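Spelled out, the chains give:
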Amino acid sequence: MAAASPSDSVNSLPRNVVIKTEPETEDDLPTPVEEVPLKRDPVVPLSSPVSGQQPLSWSQDHRLAVCTTSSLSVMELVCDVHSNKQDLVLHRTSIPVPTDVYKLRVGPAAELAEAIEKFSDHPDPAVRQEFVADRVINPSVGVHKGIKYASWSPLGCDSSGRCLLACLSLENRLTIHNSHKRLEWNMLVDLSKKYSERLKERGYAKKDNKPPEANLLDLDELRRRFSMQTPLRMEWSSVYTMKQVQPNNTCLDVEMVLLAVLMENGDLVLWKFVLPFLNGADVMFYDIIESGVARPSDLAWWEYESAGRRMSGLIIGSEVGPVKIMPVSLTGVKGYFTLRHPVILWKECDEIAVENIKCVPMIHPIQKSSCSLIVASRGCYVFWCLLMISPAGLNVHNSHVAGLHSLPVISLAVSQHGVAVYTCSMDGQIKKLTPTFTENTLIFRQEDMLQPENLAGRRIHGITVSLNGAYIAVITTQGMVGSFHPINRTYQVHFVALKTPEKAGALLLKSPTQSLYKMADLLDLVRWQILKNKCIPESLQEEIDQRIQEQDSLYFWRLKLFLVRVLYQSLQKPQTDHRWKPSYDQSKVLLRDEAEEEESGEEDGEDATREESEPGEVKQEKEVNLEQQMVEVQAWISAVETHLMRENIKKVLGVVYLNTLITQNTSIPTCGLMEYLSKDANDRDSEVLIGHIKKKMNKQSFPERCSLCQAVLPFSDHKQAICQNGHMWLRCVLSYRACQTLTFRRCLLLDTIARLPEPEDPEWIKKLLQAPCALCDSPMI
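Fair warning: this is a prediction, and the values are worked out from it, not measured in the lab. (Residues numbered from 1 in each chain as written. Predicted model: local features only at pLDDT ≥ 70, side-chain atom pairs only at ≥ 80, totals over all residues. Heavy atoms only, no water.)

Draft legend 1. Spatial organisation of the nonpolar core. Leu64, Val66, Val493, Phe495 and Leu563 are the most contacted members of the largest nonpolar core, which totals 89 residues. Among the nonpolar cores identified, the runner-up in size contains 27 residues, and Leu259, Phe273, Leu275 and Phe277 belong to it. (Core = buried A, V, L, I, M, F, W, Y, C linked by side-chain atoms within 4.5 Å. Buried < 20%, exposed > 50% of the residue type's maximum accessible area, 1.4 Å probe, protein only.)

Draft legend 2. Examining the side chain of Asp80 more closely. Structurally, the position occupied by Asp80 is in the loop between strand S4 (71–77) and strand S5 (90–96). Look at Asp80: it is buried, it has no salt bridge, and the nearest opposite charge is Arg527 at 6.0 Å. Those residues within four positions of Asp80 in sequence are excluded, and the remaining contacts are Val89, Arg527 and Leu749. (Helix = DSSP H or I, 4+ residues; strand = E, 2+ residues; numbered from the N terminus. Lys, Arg positive; Asp, Glu negative; His and termini not counted. Salt bridge = Lys/Arg side-chain N within 4 Å of Asp/Glu carboxyl O. Contact = heavy atoms within 4.5 Å.)

Draft legend 3. Layout of the sheet that holds strand S6 (residues 147–152). Reading across from one edge, S6-S7-S8-S9 is the order of the four strands in this open sheet, with antiparallel pairing throughout. Strands at the two margins of the open sheet, each flanked by one partner only, are S6 and strand S9 (184–190). Going across the sheet, the axis of each strand differs from the next one's by a mean of 30 degrees, ignoring polarity. Pairing of strand S8 (residues 174–180) with S9 involves six bridges; the strand directions are antiparallel. By the bridge assignment, Asn178 is partnered in S9 with Asn186. Across the face of the sheet, helix H3 (residues 191–201) comes into contact with S8 and S9 while running at roughly 10 degrees to S9. (Pairing = 2+ DSSP bridges. Axes fitted to C-alpha atoms, helices over the stretch in contact; angles between N-to-C directions.)

Draft legend 4. Expanded view of the pattern of salt bridges. All chains considered together, the criterion is met by 33 salt bridges. Glu687 is the salt-bridge partner of Arg684, the closest N and O atoms lying 3.3 Å from each other. Here Arg684 pairs with Glu687, and both are found in helix H12 (residues 684–697), just three residues apart, close to one helical turn. What makes Arg684 exposed here is its relative accessible area of 56%. In this structure Glu687 comes out as partly exposed when scored by relative accessible area, which is 39%. The shortest N-O distance in the salt bridge between Arg755 and Asp761 comes to 3.1 Å. Given the relative accessible area of 4%, Arg755 is considered buried. Among the charged side chains, a network of salt bridges with common partners joins Asp61, Arg63, Glu76 and Arg162.

Draft legend 5. Geometry of the environment of Leu756. Looking at the element boundaries, Leu756 is found in the loop between strand S33 (753–754) and helix H13 (763–768). Classification of Leu756 as partly exposed rests on a relative accessible area of 38%. Taking the C-alpha atoms as reference, Leu756 lies 8.9 Å from Cys739; in sequence the two are 17 residues apart. Residues in contact with Leu756, not counting those within four places in the same chain, are Thr743, Phe744, Arg745 and Leu769.

Draft legend 6. How the structure looks around the packing of helix H6 (residues 520–533) against helix H8 (residues 554–570). Where H6 meets H8, the closest approach of the two axes is 9 Å, and the angle between their N-to-C directions is 35 degrees. The crossing of H6 and H8 is right-handed. In this structure, H6 uses Leu523, Val526, Arg527, Ile530 and Leu531 to contact H8, whose residues at the interface are Leu559, Phe562, Leu563, Val566, Leu567, Gln569 and Ser570. Split by residue class, the contact of H6 with H8 holds nine nonpolar, two polar and one charged. (Left-handed = near helix turned anticlockwise from the far one by under 90°. Nonpolar A, V, L, I, M, F, W, Y, C, P; charged D, E, K, R; others polar.)

Dropping the structure here:
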């Protein structure tokens, strides 16, 4: 293991570790103009001050959680194809801080009251002062209101295929929430209450189940019982697949995710969530790990995967300096193996707190093997550790990056696509560290992030990076105003683009996930460029057409549809009249002051000048060309949509063919879908599929009927169904059945709808209804 103290990190480095603090010759060149970070509008004001040491967290489904003193504010980045505004489209929601006071249960109420009275009037001043100053143990001091920390689960954990949100309040209440419908939040389970009940049943014993020898009248025992259920941090693992044996002796793949909760005494409490997680009854206590870390400060998951083998552990930092990994043992996970002993990453107790721990899986470009990069802030330094597993065992290389900031690092964010580490301190400086591999270790290239003018000189409280590294979110307040601190501070969230639209387009073409929804932050940059220039970049359009000819992947068809729909929005004329404004009759007289008359006179003069500058024939010709262009784009959109729908219908019919028996009504309009596909005589794949299905159905048909008049619903359009009596129903994009119920789901971008699964539906239909939108890859909500 290579180690170095931050105070003399340059002089005492091991021979195989190199820290790069000065740029090389090739890095002396100024940053290209196209790489300069650009600020995006809008600036989002916060109604309350931020709270917690790490107040920002960005989820995998493009939602930003901001911890404040009154609520957990959530902003969802939506790549809206129905708007022609260039600003970011953000849907704002919030989870309010509970109004009721939460109290930890540590024993009988009478015994606790006696202990509080004893230690409040203790004759020893040291004992009395220690008890009175502790907000957790002594309720008379009062508790802070607000959110301490928020953590997002991986994508696909709730019933809609989105992320769960773990929320920890300043009064030590840990709850799990999911997004209910669209703009609502629903609390699923109170883990603090659940764990408190478990401890009560076990008599507040440790993991060895030995009952405590002392009672609450002993200050150490009182402090132990509070610290064993006071959460500091919680982090989600990745999704694991387990084999579950059914009553009929068949094996079923079940997905689950773990939530690790770091307690004040160093215990790690693991909770198991079987996916999709629906309610509190589905959560199970999994394990408790006694880390032995004194004064723990932060927590992160370490997960290693190579050649089908998986390993994971929990990285724990301490306020006094040490960092180590605790092994996590999982049973029933294919290819899983665990560490035999804890791994010490840093053992020096130098009284420098470890915060902002991040872990990034990487591929070593020289050794062609999997490795893990762990970074954390320790005061003004950035601690890093490189873990590599070789046939000889686990190799640990670590050191510190010095000379970044003159003040302690308050926030640290990592972009996992094109790995980069962003750090900031209270003085408003944001630095970028780019790791570069050598034969045995890492070199970090340091850069000062160029900040927009309205961010310069402001005080920064936290930063975080979006899923694909397209944006960085920054929480700021006013800095010094005229050499004085402002009396009232206004908290704002700013969004800065880290990549250019050209770079975002290139990354979209190389997307490994093949999902527009998972790449929404990069997609928004391309949308912004099209709306500004009113045209699709020619190079991007040619590349997409070439990819379609080579692969004919539906992902590139959906990307093409998105670009064309945004182009159509960019050609729309800006709305001049506001619908919310009342309309006045011309006969009414409006009294205006002189200032308004002058402003209106200036505006009228400018409009008249513009109209005079353009002859009427030129203006009319432009309008005609614009209308023709819009008609062409609309036809383009219809052609791409039709292609996507036909391919999706083939997919649905393929699933129907594999999962149905002869003379079985599947509730899917199979005959209508086949007739719709047969309209194109040049589609050979459709002919083969239709021939197989017709042989299986044996000339039988199960027509859909209108629930109002029992008339047959013909399949003439994939969007809607109209019976002969004029009753119209929307069609489900996943099963193409007419939705004749009052409740159904819509995709996030409001493109299509999907029906809810019914109890009598077979499992393969329920699985079919879990798919995302066929046009935009968005989840159905």
